[in-house]
Amino acid sequence: MCPIKEVSDVRRMPRLGKIRLGIKVEPEGKNPYPRATDYFVVPDEIKGIVGDKPKTLNIMFPTEKAEEFAQQWLRCYSFTQGLVCKGDGVKATRKIDVETGDIARHTTQEWVFNGWGCDPDTCEQYSEKQCRRVMNLLFLLPDVPGIGVWQLDTTSFYSIVNVNSCVDLIRRLCGRISFIPLTLSLEPQIVEPPGIKKKTVHILQIRSDVKLADIQKLGRVPPERVLLPFLEEEEAPADLYPAQKLVEAEHVAKEAPAEPGEEKTPDDITEDDVPDMNAVVRVCFHFWQMQPVEICGEFGYKTMKELNDSRTSPWEAWLTIKQLKQPEGPEPEPEPTKEQAEEPPELQQPEQEIEPLWPEDQPEPAAEPEPEPVEEVKGFINMDWLVESLISLRAKELKAWSESNLLSYIKTTYKVEAKTVLEAVAKLDKGEANHFKKRVEETLQMI
């Protein structure tokens, strides 16, 4: 009988349980929080074998691939949505709310996985400890009855570096890492993180009591190849992520950190600062507290996915939003006349404060002027069609399609200047005209 491809030839070891590095503390009248221990917190069923509070465990790794038994990611959890983002410090996969284009929260009805930028230095979730680096370690306990692996999670920088270093060293010594008898221990180490005084923490170490000659002999015995089970990654490790922190992250809107790191004004932003739409979102939030759904709306789209799928480049998007938010600089105040300058101070009228208007008190915006007649301009685009299209777009009150903002966009993108949009479009070459027409057509389809 022929095996079923990618089914009959797959083998996975069962997961027997979890071993933790901390306990949940529940003080009276306060929120529970995790506290690290100087021993392994093991399930009750194996305490009779390894001890109530063991500081060492005899282990073996069941496969050669470190990416299988020691996965390492930046993981972001939500109290209601589970794992909502997983990245490597450069790129991430994130659960995106279809309606808002933002990270999935407790109000999310529908979400999709989407590629996302991953930069811990500017990530809101990482700065609030909703996202943390996590190593998921899978290993065998040869002294414990049962066939399967145990899982241990750690967020310690020192533990992750130690495990990776020890695995590499043992592999170099004996040619492999799988089914070599090892000891996993929790050992004290004095650390001095930046800005914090010295303290003692307990970190993971991998050691071996077997002689070097004997361990090299073991390395010459080929083990059977075994696949590990899928990680339990949807549930946040209770000893690493305080539940209250994940609850607060869903209900409290937090201000994103400055983007980019140094103090800049919108005029200082360069194309390198906005390599993708995610960077555009972060910068717009930093300067003007714009939400993703608001940014999408300025281009006629409903979600970040639609904006990412459009042909609008991140740099074009940034320039358009910047033009909307600061179309012109303030006019300089007129110099006082000779008579005004000579007036005694007591006769000069003090400058009065203007009370800001509530939205309902704001005057109605002036109607956008209709495009100029088309008889006098020609180009690679049908001007009658363009006039009708612009009227439709402006009827939806899309600021990006106003006369002044379009002129600024065309000048920045195509290096063309004119008094009206139609005159500017008529100056575009064939390739530029096709690009501009495509953008108009895509926006019309969205509204």
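Look up a bit, the structure's there.
What this report covers is the structure whose coordinates are included nearby.

Another point: the overall build of the protein. Counting its secondary structure elements, the protein contains 15 helices and eleven strands. Put simply, the protein has 447 residues, and 42% of those count as buried. If you sum the accessible surface of the protein, you get close to 27000 Å²; carbon and sulfur atoms cover 51% of it.

With seven bridges joining them, strand 4 (residues 70-78) and strand 8 (residues 131-139) adopt antiparallel strand pairing. Across the sheet, Q71 pairs through a bridge with N136, a residue of strand 8. Bridging between strand 4 and strand 5 (residues 82-87) involves five bridges; their strand directions are antiparallel. What sits directly across from R75, in strand 5, is K86.

Time to look at the sheet that holds strand 7 (residues 111-117). By definition, the strands of a sheet pair up through backbone hydrogen bonds, in either a parallel or an antiparallel sense. Read across the open sheet, the eight strands follow the order 2-1-9-8-4-5-6-7; overall the sheet is mixed. Only two strands of the sheet have a single neighbouring strand rather than two, namely strand 2 (33-41) and strand 7. Within this sheet the neighbouring strands show an average axis-to-axis angle of 40°, counted without direction. Bridge analysis of strand 5 against strand 6 (residues 91-97) gives three bridges, and the strand direction is antiparallel. Counterpart to G87 in the pairing with strand 6 is A92.

Within the structure shown, the criterion is met by four cavities of 30 Å³ or more. Considering only enclosed or pocket space, the largest cavity measures out at about 90 Å³ in volume. The wall of the largest cavity is formed by 13 residues, among which C85, R94, C118, C123 and C131 lie closest to the centre. When the residues that make up the lining of the largest cavity are grouped by side-chain class, the tally is eight nonpolar, three polar and two charged.

Okay, the sheet that holds strand 10 (residues 182-191) next. Sheet architecture is open: three strands sit in the order 3-10-11, paired in antiparallel fashion. Edge strands, defined here as strands with exactly one partner in the open sheet, are strand 3 (56-59) and strand 11 (199-207). Taking the axes of each pair of neighbouring strands and ignoring which way they run, one obtains an average angle of 30° across the sheet. In terms of strand pairing, strand 10 meets strand 11 through nine bridges, oriented antiparallel. If you follow I190 over to strand 11, its bridge partner there is T200. Contacts from helix 4 (residues 157-174) reach strand 10 and strand 11, with the element oriented near 20° to strand 11.

Here the structure, examined in full by the defined rule, presents eight aromatic pairs. Judged by centre distance (5.4 Å) and plane angle (85°), the rings of F157 and Y158 are edge-to-face. Note on Y158: relative accessible area 27%, which makes it partly exposed. Site record: aromatic cluster; members linked through ring pairs are F287, W288 and W318. Directly above the ring of W73 sits K86, whose terminal nitrogen or CZ lies 5.0 Å from the centroid.

Here we take up the layout of surface pockets. If you add up the space inside the largest pocket, you get close to 1000 Å³. Lining the largest pocket are 31 residues; nearest its centre among them are R132, T155, S156, K199 and V201. Put simply, the parts of the chain that give the lining of the largest pocket at least two residues each are strand 1 (15-25), strand 2, strand 8, helix 4, strand 10 and strand 11. Of the residues in the lining of the largest pocket, the class split is 17 nonpolar, eight polar and six charged.

Here we take up unusual backbone geometry. Look at K129: it is not a glycine, yet its phi comes out positive at around 65°. By the secondary structure assignment, K129 is in the loop between helix 3 (124-127) and strand 8. Given the relative accessible area of 55%, K129 is considered exposed. For F179, which is not a glycine, the phi torsion comes out positive at approximately 60°. With respect to the helices and strands, the residue F179 is situated in the loop between helix 4 and strand 10.

Rules of the game
Residues numbered from 1 in each chain as written. Predicted model: local features only at pLDDT ≥ 70, side-chain atom pairs only at ≥ 80, totals over all residues. Heavy atoms only, no water. Helix = DSSP H or I, 4+ residues; strand = E, 2+ residues; numbered from the N terminus. Buried < 20%, exposed > 50% of the residue type's maximum accessible area, 1.4 Å probe, protein only. Areas by Shrake-Rupley, 256 points an atom, 1.4 Å probe, with all protein chains shown as cover. Pairing = 2+ DSSP bridges. Axes fitted to C-alpha atoms, helices over the stretch in contact; angles between N-to-C directions. 1 Å grid on protein atoms, 1.4 Å probe; cavity = no way out; pocket = protein on both sides within 12 Å on 5 of 7 lines; lining within 4 Å. Points joined across faces, edges and corners; volume = space filled by probe spheres on them. Nonpolar A, V, L, I, M, F, W, Y, C, P; charged D, E, K, R; others polar. Contact = heavy atoms within 4.5 Å. Phe/Tyr/Trp six-rings, centres within 6.5 Å; stacked < 30°, edge-to-face > 60°. Lys NZ or Arg CZ within 6 Å of the ring centre and 35° of its normal.

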